[in-house]
Structure formats: C-alpha cells, structure tokens
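Survey of secondary and tertiary structure
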Amino acid sequence: MPLAVITWNLFHGRDFPPDPALFTWRSRLLRITERNATHVQLNRDLFREFALVLRSLPWDVALLQECPPRWHAALARACDAEAHAVLTSRNSLPRLRACAAHLNPDLIASNEGGSNLTLVRRIAGPITHRAELVLTPGPHPERRALCFIRLGDDTCIANAHLSAGAANRARAEDELRRAAQACVAWAGSSPLILGGDLNIRPRSSPIYAELEHRFGLVGATAPDALDHLLARGLTPAEPPRALPPEARELVNPRGLRLRLSDHAPVLAAFARA
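First things first, this report covers the structure right here in the doc. These figures come from a predicted structure and were not determined experimentally.

**Describing the environment of Leu63**
Residue placement: Leu63 occurs in strand 4 (residues 61-65). When sequence neighbours within four positions are dropped, the list of residues in contact with Leu63 reads Val5, Ile6, Thr7, Trp8, Leu117, Thr118, Ile157, Ala158, Asn159, Gly195, Gly196 and Leu229.

And the structure:
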C-alpha cells in the first residue's frame, strides 16, 4: 500500500475565512461571531473542529506545524495515532499561555506557543526512532526546530517549519539546507521524506534544485507553494498537491462555512517496498 502523507500548518488552531472583513476588533476583543453570506469567523477554541477535519483526511502520516502544544495528546487520541512533537517558539510559561489561548485564541494568536507535531497511524507502522534538531535557537529570530522519526520499515520522515518572510529568505534557505543535511545523515540509505511549511517558494529560490543535486530530495508542490513534501528513495504514487478549501471547511446548520487555518493541507502518496 502507498504511504499517504500530509503536511498542514494549523495556524495555532484558528480559523481563516476568505473575507478579510470578518476579522474585526469586536470579534478579537469580545469574541463576537462574525458572518457574511458564506462564512463565519469564530474566536473560540476549535480543537474539536480541527480534530474532526484531520481525522477525516486520507493520511497515514501527518506533519503539522503551528500546532498548539496543549493539543498534542488529544490530537493523537482523536486520530488514533502515535505522536512525536518538538516545541518551536514562544513556549515560556506554558500553562498561562494555554489558558489565555483557550479563552481568546485570536487575541493571543501565535503567542500561545507553537510546535511541530508528527502523527503516525497504525497502518504506517510504529515509530522506532525519534530525533530533533534546533535550526534557529530563538527567541529572536523565532526558534525553529526539525522533528525526525524512523518507522518500522525504515522509512524516515522529517517535519519542519522554517523562518517566514521575504526578508528572512536567506535564513530559511540555510535552515532547509541544514535540515536536509541532518536528515540524510540520520536516514543513511533509508527512504526519506522531508516536509512541512518550508516558507520558500520554488519560483523565488534555487534551494530546491540544490537539494535535488546534493541530496536527491525532489517533489516540490508547486512553483508558488510554501508547503512541501520532498522525498528521496521513494516512488511517488501521487505527487504533492494542495487540497481545495472545502477539505478544511465545516458547514454549520445555517449553511455557513468555517474554514480552518490560513494554509491548505498538502497531500502526497509514496510507494514503499
């Protein structure tokens, strides 16, 4: 069976409707629900909604970024999956941040703290080895870390969230280069997937050509994409593609849509020996 993998930036567990007018100060401060003809914007804890969407997507391994640390165990249980997590930025005073984020997620936003969380369903096999690498120590610029696992069939999978913004492109390229080098060293001759929110568009950087030349990692999602699933030593059964908005939307009884996250999940499948 092919190994189905998704990567998804969870936007710290918040929704992101397509209409900017729904982002209001009264919603942010008073938690009032905003609506238009098609969508809602909710300023409340959306764990159940994210868990429902994530559970329904067709994956064996999920690479999640900007995942609230307080969700780790509950998401793993909801998806009947084994988990490996690495904390990223803004994780001091975790209980206080978690309480504030539960009460008003839009107000605290990314200051809740973040993590890279990798989930593995049973069909993919057990996690036999775990590792992590700090790519940028933080706090300024933000802490960036690599989350690495090896499965029972020796397939290796790494989950990364790199520095964002055009001004930080050189830093993100260096982080990706060091992440690839570490993953290849850890994986040895085993098949390898390096994915996540890499924050580098292939059309604006030569780094993906460098990764193919140096490490054999191929499979960028699209020229303008930020989220990728690069692979080495695996045959693509389904090339990486961003899922449509409907894949991360839920419909309420009034027919209005709740769109989760500002990123679309990216799905790919790889043939395994």
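**Thoughts on the packing of aromatic side chains**
Within this structure, the stated rule accounts for six aromatic pairs. By the ring-pair criterion, three or more aromatic residues cluster together here, those being Trp8, Phe47, Phe50 and Trp71. Residue placement shows Arg14 over the ring face of Phe11; its charged tip is 4.3 Å from the ring centre.

**Considerations on the side chain of Arg232**
Of note, Arg232 is situated in strand 11 (residues 227-232). Those residues in contact with Arg232 that sit more than four places away from it in its chain are Val184, Ala187, Gly188, Ser189, Ser190, Pro191, Leu192, Phe215, Gly216 and Leu217.

**Looking at the sheet that holds strand 15 (residues 266-271)**
Sheets are built from strands paired through backbone hydrogen bonds, the pairs being either parallel or antiparallel. Ordered by their spatial adjacency, six strands build an open sheet running 5-6-4-1-15-12, and the pairing between neighbours is mixed. If you trace the sheet from one side to the other, it starts and ends with strand 5 (81-87) and strand 12 (235-242), each paired once. On average, each strand axis in the sheet is inclined to that of its neighbour by 15 degrees, with strand direction left out of account. Sheet topology note: the strand 5/strand 6 (residues 115-121) ladder contains seven bridges and is antiparallel. The residue of strand 6 that forms the bridge with His84 is Thr118. Along the sheet face, helix 2 (residues 47-56) touches strand 1 (3-9), strand 4 and strand 6 and points at about 155 degrees away from the line of strand 1.

**Re the sheet that holds strand 11**
Pairing is mixed across the open sheet formed by five strands, whose spatial order is 7-8-9-10-11. Among the strands making up the open sheet, the edge pair consists of strand 7 (127-136) and strand 11. Adjacent strand axes in the sheet meet at a mean angle of 15 degrees, parallel and antiparallel pairs treated alike. Sheet topology places strand 7 next to strand 8 (residues 144-151); eight bridges connect them, and they run antiparallel. For Leu133, the partnering residue across the bridge sits in strand 8 and is Leu146. Lying on the sheet, helix 6 (residues 169-187) is in contact with strand 7, strand 8, strand 9 (156-161), strand 10 (192-197) and strand 11; it crosses strand 7 at an angle near 155 degrees.

**Section: the environment of Tyr208**
Mapping Tyr208 onto the fold places it in helix 7 (residues 207-215). Each C-alpha atom, one on Tyr208 and one on Leu176, is 9.3 Å from the other, the two residues being 32 residues apart in sequence. Of the polar contacts made by the side chain of Tyr208, one reaches the backbone oxygen of Ile200; its length is 2.7 Å.

**Quick look at the nonpolar core**
With 29 residues, the main nonpolar core has Trp8, Leu10, Leu54, Trp59, Leu64, Leu75 and Leu119 as its most contacted residues. When residues of this core are traced back to their parent elements, those giving at least two are strand 1, helix 2, strand 4, helix 3 (72-78) and strand 6. Contact partners of Trp59, with chain neighbours within four places excluded, come to Ala4, Ile6, Leu54, Cys79, Ala81, Leu119 and Arg121.

**Remarks on the environment of Arg259**
By secondary structure assignment, the location of Arg259 is in strand 14 (residues 257-259). In sequence terms Arg259 and Ala247 are 12 residues apart; their C-alpha atoms lie 9.0 Å from each other. Among the polar contacts made by the side chain of Arg259, one reaches the side chain of Glu249 at a distance of 2.7 Å.

**With respect to the pattern of salt bridges**
Under the criterion given, the structure shown has 17 salt bridges. Ionic pairing is found between Arg144 and Glu142, a salt bridge with its closest N-O pair at 3.3 Å. Here Arg178 makes a salt bridge to Asp174, at a shortest N to O gap of 2.9 Å. Of this pair, Arg178 and Asp174 are both found in helix 6, four residues apart, which corresponds to roughly one turn of the helix. Residue classification places Arg178 among the partly exposed positions, given a relative accessible area of 29%. Through salt bridges with shared partners, a single ionic network connects Asp45, Arg70 and Glu112.

**Here's the deal with a nonpolar patch on the surface**
A contiguous nonpolar surface patch, about 530 Å² in accessible area, is contributed by Trp25, Leu29, Leu30, Ile32 and Leu107. Here the nonpolar patch gets three residues from one element, more than from any other, and that element is helix 1 (residues 25-30). Residue position: Trp25 is located in helix 1. Judged by relative accessible area, Trp25 falls into the exposed class, the value being 56%.

Criteria and thresholds
Residues numbered from 1 in each chain as written. Predicted model: local features only at pLDDT ≥ 70, side-chain atom pairs only at ≥ 80, totals over all residues. Heavy atoms only, no water. Helix = DSSP H or I, 4+ residues; strand = E, 2+ residues; numbered from the N terminus. Contact = heavy atoms within 4.5 Å. Phe/Tyr/Trp six-rings, centres within 6.5 Å; stacked < 30°, edge-to-face > 60°. Lys NZ or Arg CZ within 6 Å of the ring centre and 35° of its normal. Pairing = 2+ DSSP bridges. Axes fitted to C-alpha atoms, helices over the stretch in contact; angles between N-to-C directions. Polar contact = N/O pair within 3.5 Å; in protein donor to acceptor, adjacent residues only side chain to side chain. Core = buried A, V, L, I, M, F, W, Y, C linked by side-chain atoms within 4.5 Å. Buried < 20%, exposed > 50% of the residue type's maximum accessible area, 1.4 Å probe, protein only. Salt bridge = Lys/Arg side-chain N within 4 Å of Asp/Glu carboxyl O. Patch = residues over 30% accessible without salt bridge, like charges linked within 9 Å, V, L, I, M, F, W, Y side chains within 5 Å. Areas by Shrake-Rupley, 256 points an atom, 1.4 Å probe, with all protein chains shown as cover.

So, to be careful, I would describe these as geometric facts and stop short of saying anything about function.
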